[in-house]
Amino acid sequence: MKRRLYLKLLLSYILFFILALLIVNTFTHKQTVNYLEKTEAARLYREANLISVNYATNYYRNANSLGSIQTELETLSSYLSSDIWMVSSGGILLLDSSDSTVAKNVASADLTLPLQFIEGFDIGDFGNKYYKTGTFYDSYTEDVLTVFAPITIGFEQRGYILIHEKLSQITGTANGFINLTFSTMGLVFLCSFVILLIFTFVIYMPIRKITETADHYAKGEFDEVIQVHSNDEIGHLADTLNFMAKELGAHEEDQRKFVSNVSHDFRSPLTSIKGYVEAMIDGTIPVEMQGKYLNIILSETERLNKLTQSLLDLNRFGQHGMMLDMADFDINNLIRSTLLAFEGRCNEKGISFDLVLTGDELLVRADMSKIQQVLHNLIDNAVKFSHHNSSITIETRIKNEKVLVSIKDSGIGIPADSVKKIWDRFYKTDLSRGKDKRGTGLGLSIVKEIMQAHQENINVISTEGVGTEFIFTLPRSPKDNN
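From a predicted model like this one, the values you see are computed outputs, not experimental measurements.

Thresholds applied
- Residues numbered from 1 in each chain as written.
- Predicted model: local features only at pLDDT ≥ 70, side-chain atom pairs only at ≥ 80, totals over all residues.
- Heavy atoms only, no water.
- Patch = residues over 30% accessible without salt bridge, like charges linked within 9 Å, V, L, I, M, F, W, Y side chains within 5 Å.
- Areas by Shrake-Rupley, 256 points an atom, 1.4 Å probe, with all protein chains shown as cover.
- Salt bridge = Lys/Arg side-chain N within 4 Å of Asp/Glu carboxyl O.
- Helix = DSSP H or I, 4+ residues; strand = E, 2+ residues; numbered from the N terminus.
- Buried < 20%, exposed > 50% of the residue type's maximum accessible area, 1.4 Å probe, protein only.
- Core = buried A, V, L, I, M, F, W, Y, C linked by side-chain atoms within 4.5 Å.
- Contact = heavy atoms within 4.5 Å.
- Polar contact = N/O pair within 3.5 Å; in protein donor to acceptor, adjacent residues only side chain to side chain.
- Pairing = 2+ DSSP bridges.

K.L.:
Help me out: how do you make sense of a nonpolar patch on the surface in this one?
P.N.:
Among the surface-exposed residues, I14, L15, F17, I18, L19, L21, L22, I23 and F27 lie close enough to one another that they form a single nonpolar patch of about 800 Å² accessible area. Within the secondary structure, L21 sits in helix α1 (residues 4–60). Of the residues examined, L21 reaches a relative accessible area of 31% and is grouped as partly exposed.

Structure representation (structure tokens):
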């Protein structure tokens, strides 16, 4: 058996792991860097505003010299791990926390050193944001995060405070977070691998056993048993399939018996008919004796006709349901009239009937012709399997607006393992096969169909060697006042 399901599961697990790594290494890393940039820019922007208000404005008001501001900003620059610039509105670098000569040159009256202009400086390049990234007009050899805050004196913008922080610092922090994320992911995937192993032994292996055994069932090998024992849905599925296999095995055995029974029931009369006809043709049976054997042939033909008609009835009941002609009638009277058809056979075997009927008249509501067929089939079985010089008890009684009809004999009985199967088509017990030479094996199937069409119940109580009792119910007629 190809292990495609487990292979798909493993490939899905590996693919998920790879995709997770790619997502964390690209999307998550980029989002983390962007978040840290915004957070750091906001922090530096607050510092730039404080420097503008507390230091830069004092310079333009001549309250502090560039030298004193230089000292303060160098300390702050070390704390912020950044470079702090003070730039005029025209782009002249007035102060650089990392280079004290800039401030000294601006403060020098003779200008021994040239002033530093930031070539191409335009505060409008920041757009609607207060920060930007890049080399800041090629002032740095690597990318920096630059934040600006205006220096305003009397509503006049005199210059800007710029703070530059290397992006490598932010990227390093982001990488630290990503490494922590990878470590967490490693633990998560380790846990998921353990879960995968548990899934393999708890779910996949039982499913595999079920699938392998189901393949045997598909080949008709119903002796295989699924060795899965767990108190969950998979265990329930295994138990259900084991039960199904047991039932299918029993059904297959019943089917073999069914074919054997049908073959026997059709072959026996056909063989008799063929033998007698051939004997008449070749003269083995004299002309003066042909009448006797023609009657036998007629009897066998009627037997085949009865078998065929029963099959047609059952097929009609199963395909289209049964049309019922519901009416009120006296069940006691129907029993008495049905018994007349068995008078000759009962006299031959010395069988008598004990009638225990409730009232002179007991009305029920049902299809009278179909119920008469039920009575005929049940009484026919009782007579057929009763011993000579015995009695059959037929009883009617009322219980909870239902009429119960019982037909009880003291015949050979039904084996316990056959009680549930007697309603199957063509089923005959081994005990009945020797006695039931004329039966079709369909009588009780027809009885069951008729009772189901009436939505009523029929039950059987039987003890092998003691006898059998069939009990069925009918709805009591509203007209019955007994």
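K.L.:
Mind showing me how you'd approach unusual backbone geometry here?
P.N.:
Among all residues except glycine, the phi angle is most often negative; among peptide bonds, the trans geometry is most common. Phi is positive for N389, close to 60°, though the residue is something other than glycine. Looking at where N389 falls in the secondary structure, it is placed in the loop between α9 (368–385) and β10 (391–399). On the basis of relative accessible area, N389 is assigned to the exposed category, the value being 67%. A positive phi angle, near 60°, is found at Q455, a position not held by glycine. Turning to its location among the elements, Q455 is positioned in the loop between α11 (443–453) and β12 (458–463). The exposed category is assigned to Q455, whose relative accessible area is 71%.

K.L.:
Help me understand the nonpolar core in this model?
P.N.:
Generally speaking, a soluble globular protein has its nonpolar side chains buried in company with each other. Grouped together as the largest cluster of nonpolar side chains are 36 residues, with contacts concentrated most on I331, L375, L378 and F472. Top contributing element to this core by residue count: α9, with seven residues. Excluding its chain neighbours within four sequence positions, the residues that come into contact with L375 are I331, L334, I335, T338, V405, I407 and F472. Membership of the second largest hydrophobic core comes to 31 residues, among which are A56, L73, V147 and I151.

K.L.:
What am I meant to see in the environment of T284 here?
P.N.:
The topology assignment puts T284 in the loop between α5 (233–281) and α6 (290–320). Here the side chain of T284 touches D282 through a polar contact of 2.6 Å, side chain to side chain.

K.L.:
Could you clarify how one ought to interpret the pairing of strand β1 (residues 83–88) in this entry?
P.N.:
If a strand is regular, its side chains alternate between the two faces of the sheet. Counting buried positions over the six residues of β1 gives five, a clear majority of the element. Strand direction decides the pairing type here: β1 and strand β6 (residues 156–166), joined by six bridges, are antiparallel. What sits directly across from W85, in β6, is L162. By the bridge criterion, three bridges tie β1 to strand β2 (residues 92–96) in an arrangement that is antiparallel. Among the inter-strand pairings, M86 is bridged to a residue of β2, identified as L95. Counting the residues between successive antiparallel strands, the hairpin from β1 to β2 contains three residues, one of them, G91, with a positive phi of roughly 95°.

K.L.:
Would you take a moment to explain the pattern of salt bridges for this structure?
P.N.:
Think of it this way: side chains of opposite charge can pair up when their charged atoms draw near. Across all of its chains, the model carries 10 salt bridges by this definition. E142 is the partner of K166 in a salt bridge, and the nearest nitrogen-oxygen pair spans 3.8 Å. One end of the pair, K166, is in strand β6; the other, E142, is in the loop between β4 (131–134) and β5 (144–153), and 24 residues separate them in sequence. Residue E142 is classed as partly exposed on the basis of its relative accessible area of 31%. Across the pair K274 and E278 runs a salt bridge whose closest N-O atoms are separated by 2.7 Å. Remark: E278 and K274 occur in helix α5; sequence separation between them is four residues, near one turn of the helix. A relative accessible area of 51% means that K274 is categorised as exposed. You can call E278 partly exposed: its relative accessible area is 39%. Here the salt bridges share partners, and the residues they tie into one network are R345, D380 and K384.

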